[in-house]
Amino acid sequence: MRRLLTSKWFIVLMAVLIMLAAIVIGALPGSPLNKAFKSLGNITSPIQGFVKGAGNMVSDYWSAVTDGIAIRKENEEMKAEIARLQYQITQNEEAKIRYEELKDAFHIRDTFSNYDIFGASVLSREADEWFSVIRIGLGLSDGITIEEGGSYAVVDVRMNLIGRVIEIDDGESKVLPLLHEGFNVSGKVNEVNGATMMISGDAGLKRSGLCRVTGIDENVKLEYGTQIVTSGDGGLFPQGIPIGIIESVDYSDPMGVTATLRPYGDIGELNDVFVMVPFEVPDDVSDEPLASQVEEQ
Amino acid sequence: MNKERIALIRKIVVYTLYICLIPSFQVSFPESISLYGQTADLMLVFTVLVSYMFGFADGAVIGIIIGIFRDCFSPPLIQLNSESAPVTAFGIGILIMFLASVCGSSFFTVRMKRNTAFAFASVAFATLMYKILGHLIIMGWIALFAHQGYGLSFKQIVLGSVLPQLLLNLIVTVPLILLLMFLGPYKKGKNPKISDERSSEDVSWLSI
């Protein structure tokens, strides 16, 4: 008996069984084990933050040494650009006043005016093709919460869709990237009353940086370069967030037209993202996009 | 301070340093160790190498701790069916890293006298097991719970997933072996507790 208990394979078997039990119990909603696991993140996150900071510092220092000449040249170009933009700003201020007057007159609201935008830095990226959740530095301590089954859109600086928040902890959130096979979003062709379709992550296309598009009506003419935005169906995402462009379309099966989409945003290239959190709006005010409201007017 | 205590402190400090650095580097700068959509799995390779070079006890402890880091930094998602929302699953990383340590300490060790060249075979074996079993489990999971087909063809799995991962893991094995041998937890890159199994037989033809 003692020999059995000290056997390596017995210990391995017991450890594996305990771990499997912990995974199952931890996956249950509201499990205390899950909370205990999550609190481990409070220990590991600062370590990773320190390593990332140190890595960035080394990288910045290296860039400062190697890119000095290029930066100087770029700086001169930027100064010229700033001068040009300053002139443009003065011109745009006049246009803005005019726009505000029209906006008031037609009761137009900005597309995303009932959303708070929270900036966050990308803390960690995917460890491999299966350990692929991304962490961002925005959490409960920043004043955002999420209901069970709820989700918030994550966009880049150009408001392109990047993914969605699936979990929020104290100081960080977990993001499901757009290319992940668990990601689904309803999209539409970026025009008034554009045809709707379903955009999903796909294991086979992920490596090429593409998404799968399904639910396309056979009469809808899609071609390379067609711009797709969120449709707003389902209520998770607001309407009108740019997703990407159509890369290819397969009309071989009229009942199941499929296409591939190349997203505008790539989380692998980003250091900062933005989370769109809706705030309470009166029931009589709907979240219609600018284009359709103008059309209604 | 006696020699044993100094050796223990060295072991703890070196392992702590590597445990902090390796998972953090993998999730912070994956683009620097990526090829064809795959990222070199430093955590897996490190765990396998520690188990291979320094034995099961070291490997299992390191594997479990690195698995915790893996789960905290970038947990996997599980989805019960196509309609349900995906949820993060904690513990899978720990299990995988623990099994990697078992794998690293069980194959090509005693018979090969923990010869450094066979460390590559051990890493290759663990990587192949991880990728092949991973694809099979996900394929089964999707078929059972989501009632969908697997999105990857056999060719895509081999050429796009298994082979690039194998190549990357073998490449990062070189610096990690050097680190463990020359800046590792043990003097001369050998764990004295398992050195007996080396000296028991004359197998000098296998050593580098």
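Note that the structure is a prediction, hence the values are computed from the model and not measured. (Residues numbered from 1 in each chain as written. Chains lettered and ligands numbered in written order. Predicted model: local features only at pLDDT ≥ 70, side-chain atom pairs only at ≥ 80, totals over all residues. Heavy atoms only, no water.)

Right, let's get into the overall build of chain B. Counting its regular elements, chain B contains seven helices and four strands. Within chain B, buried positions represent 52% of all 208 residues. By element, 72% of the accessible surface of chain B is carried by carbon and sulfur atoms, the whole surface being about 9,900 Å². (Helix = DSSP H or I, 4+ residues; strand = E, 2+ residues; numbered from the N terminus. Buried < 20%, exposed > 50% of the residue type's maximum accessible area, 1.4 Å probe, protein only. Areas by Shrake-Rupley, 256 points an atom, 1.4 Å probe, with all protein chains shown as cover.)

All names here are of chain B. For the pair helix H2 (residues 42–54) and helix H6 (residues 154–182), interaxial distance at closest approach is 10 Å and the crossing angle is 50°. Taken as axis vectors, H2 and H6 run oblique relative to one another. Remark: the crossing between H2 and H6 carries right-handed chirality. Mapping the contact onto sequence places Leu42, Leu44, Val45, Phe46, Leu49, Val50, Met53 and Phe54 in H2 and Asn169, Val172, Thr173, Leu176, Ile177, Leu180 and Met181 in H6. For the contact of H2 with H6, a count of residues per class yields 13 nonpolar, two polar and no charged. (Axes fitted to C-alpha atoms, helices over the stretch in contact; angles between N-to-C directions. Parallel < 35°, antiparallel > 145°, perpendicular 65-115°, else oblique. Left-handed = near helix turned anticlockwise from the far one by under 90°. Contact = heavy atoms within 4.5 Å. Nonpolar A, V, L, I, M, F, W, Y, C, P; charged D, E, K, R; others polar.)

With that out of the way, let us pick up the interface of chain B and chain A. Opposite the 54 residues of chain B that make contact, chain A presents 43 residues. Both sides of the chain B and chain A interface together cover about 4,100 Å² of buried area, and 70% of this is carbon and sulfur. Its largest share of buried area at the contact with chain A, chain B owes to B:Phe73, B:Leu77 and B:Phe90, together 14% of the area lost on that side. On the surface where chain B and chain A come into contact, there are three salt bridges. Between A:Glu129 and B:Lys131 there is a salt bridge, and its shortest N-O distance comes to 2.5 Å. (Buried area = accessible area lost by both parts, 1.4 Å probe. Salt bridge = Lys/Arg side-chain N within 4 Å of Asp/Glu carboxyl O.)

Once that is clear, we can look at the pattern of salt bridges. In this structure the tally under the stated criterion is 13 salt bridges over all chains. In this structure, the salt-bridge partner of A:Glu129 is A:Arg207, at a minimum N-O distance of 3.3 Å. A residue pair is termed long-range when its members are at least 10 positions apart, and A:Glu129 in the loop between strand S1 (115–124) and strand S2 (134–136) and A:Arg207 in the loop between helix H5 (203–206) and strand S8 (211–216) qualify at 78 residues. Its relative accessible area of 10% is what places A:Glu129 among the buried residues. Of the charged contacts, one joins B:Lys11 and B:Asp58 as a salt bridge, the two residues approaching to 3.7 Å between their closest N and O atoms.

For the rest of this paragraph, the subject is empty space enclosed by the protein. Under the counting rule described, the total for this entry stands at one cavity of 30 Å³ or more. In this structure, the largest cavity encloses a volume near 60 Å³. Looking at the largest cavity, the residues that line it are A:Glu129, A:Trp130, A:Glu181, A:Ala203, A:Lys206, A:Arg207, B:Ile138, B:Tyr150 and B:Leu152. The residue makeup of the lining of the largest cavity, split by class, is five nonpolar, no polar and four charged. (1 Å grid on protein atoms, 1.4 Å probe; cavity = no way out; pocket = protein on both sides within 12 Å on 5 of 7 lines; lining within 4 Å. Points joined across faces, edges and corners; volume = space filled by probe spheres on them.)

Let's shift gears to the packing of aromatic side chains. The final tally for this structure, using the stated rule, is seven aromatic pairs over all chains. With a centroid separation of 6.3 Å and an interplanar angle of 65°, the aromatic rings of B:Phe56 and B:Phe98 are classed as edge-to-face. Of the two residues, B:Phe56 sits in helix H3 (residues 56–73) while B:Phe98 sits in helix H4 (residues 92–106), which places them 42 residues apart along the sequence. When its relative accessible area of 19% is taken as the criterion, B:Phe56 is described as buried. For B:Phe98, a relative accessible area of 3% gives the class buried. A:Lys221 extends its terminal NZ or CZ atom over the ring of A:Tyr251, reaching a point 4.8 Å from the ring centre. Between B:Lys131 and the ring centre of A:Trp130, over which it is positioned, the NZ or CZ distance is 4.4 Å. (Phe/Tyr/Trp six-rings, centres within 6.5 Å; stacked < 30°, edge-to-face > 60°. Lys NZ or Arg CZ within 6 Å of the ring centre and 35° of its normal.)

Take the nonpolar core next. In terms of nonpolar packing, the biggest core is built from 56 residues, with B:Phe46, B:Leu49, B:Phe98 and B:Leu180 touching the most fellow members. Of all the secondary-structure elements, those providing two or more residues to this core are helix H2 (8–27) of chain A together with helix H1 (3–28), H2, H3, H4, helix H5 (117–146) and H6 of chain B. With 11 residues, the top contributor of residues to this core is H2(B). Lining this core are residues from two domains, each supplying at least three of them: domain 1 (2–58) and domain 3 (115–179 + 272–280) of chain A. When near neighbours in sequence (up to four residues on either side) are disregarded, B:Phe98 contacts A:Val12, A:Ala15, A:Val16, A:Met19, B:Phe56, B:Ala60, B:Gly63 and B:Ile64. (Core = buried A, V, L, I, M, F, W, Y, C linked by side-chain atoms within 4.5 Å. Domains from an automatic or database assignment.)

Time to look at the pairing of strand S5 (residues 173–177) of chain A. Residue and element names in this part refer to chain A. Most of S5 is tucked away: five of the five residues are buried. Of the pairings in the sheet, the one linking strand S4 (residues 161–168) to S5 comprises five bridges and is antiparallel in character. Note that in S5 the partner of Gly163 across the bridge is Pro177. In this structure, the hairpin formed by S4 and S5 is closed by a connection of four residues. (Pairing = 2+ DSSP bridges.)

Residues and elements named next belong to chain A. The strand order around the closed barrel formed by six strands is S1-S2-S5-S4-S3-S12, and the pairing between neighbours is antiparallel. Each adjacent strand pair in this sheet contributes to an overall mean axis angle of 40°, direction not counted. Docked against the sheet, helix H3 (residues 32–66) engages S1, S2 and S4, running at close to 70° with respect to S1.

A few words now on the sheet that holds S8(A). One closed barrel accounts for six strands, arranged S6-S7-S8-S11-S10-S9 (chain A); its pairing is antiparallel. When strand polarity is set aside, the average angle formed by the axes of neighbouring strands in this sheet is 40°.

Below, the discussion takes up a positive patch on the surface. Residues and elements named next belong to chain B. Where like charges cluster on the molecular surface, the positive patch consists of Lys3, Arg10, Lys187, Lys188 and Lys190. On the secondary structure map, Lys188 appears in the loop between H6 and helix H7 (196–199). A relative accessible area of 77% places Lys188 in the exposed class. (Patch = residues over 30% accessible without salt bridge, like charges linked within 9 Å, V, L, I, M, F, W, Y side chains within 5 Å. Lys, Arg positive; Asp, Glu negative; His and termini not counted. Charge placed at Lys NZ, Arg CZ, Asp CG, Glu CD.)

By a widespread convention, an interface's size corresponds to the accessible area lost as its parts come together. Residues and elements named next belong to chain A. Under the domain assignment used here, chain A contains domain 1 (2–58), domain 2 (67–106), domain 3 (115–179 + 272–280) and domain 4 (184–269). Between the C-alpha centres of domain 3 and domain 4 there is a distance of 21 Å. If you look at the interface, domain 3 gives 19 residues, while domain 4 gives 21 residues. With both sides pooled, the region where domain 3 packs onto domain 4 buries about 1,800 Å², and carbon together with sulfur makes up 70% of that total.

This paragraph deals with a negative patch on the surface. Among the surface-exposed residues, A:Asp67, A:Glu74, A:Glu76 and A:Glu77 lie close enough to one another that they form a single negatively charged patch. Here A:Asp67 is to be found in the loop between H3 and helix H4 (68–106).

Residues and elements named next belong to chain B. Mapped onto the elements, Gly184 comes out in the loop between H6 and H7. Of the residues examined, Gly184 reaches a relative accessible area of 0% and is grouped as buried. Sequence separation between Gly184 and Ile22 is 162 residues; the distance between their C-alpha atoms is 14 Å. For Gly184, the residues in contact, after removing those within four places along its chain, are Arg10, Val14 and Leu179.

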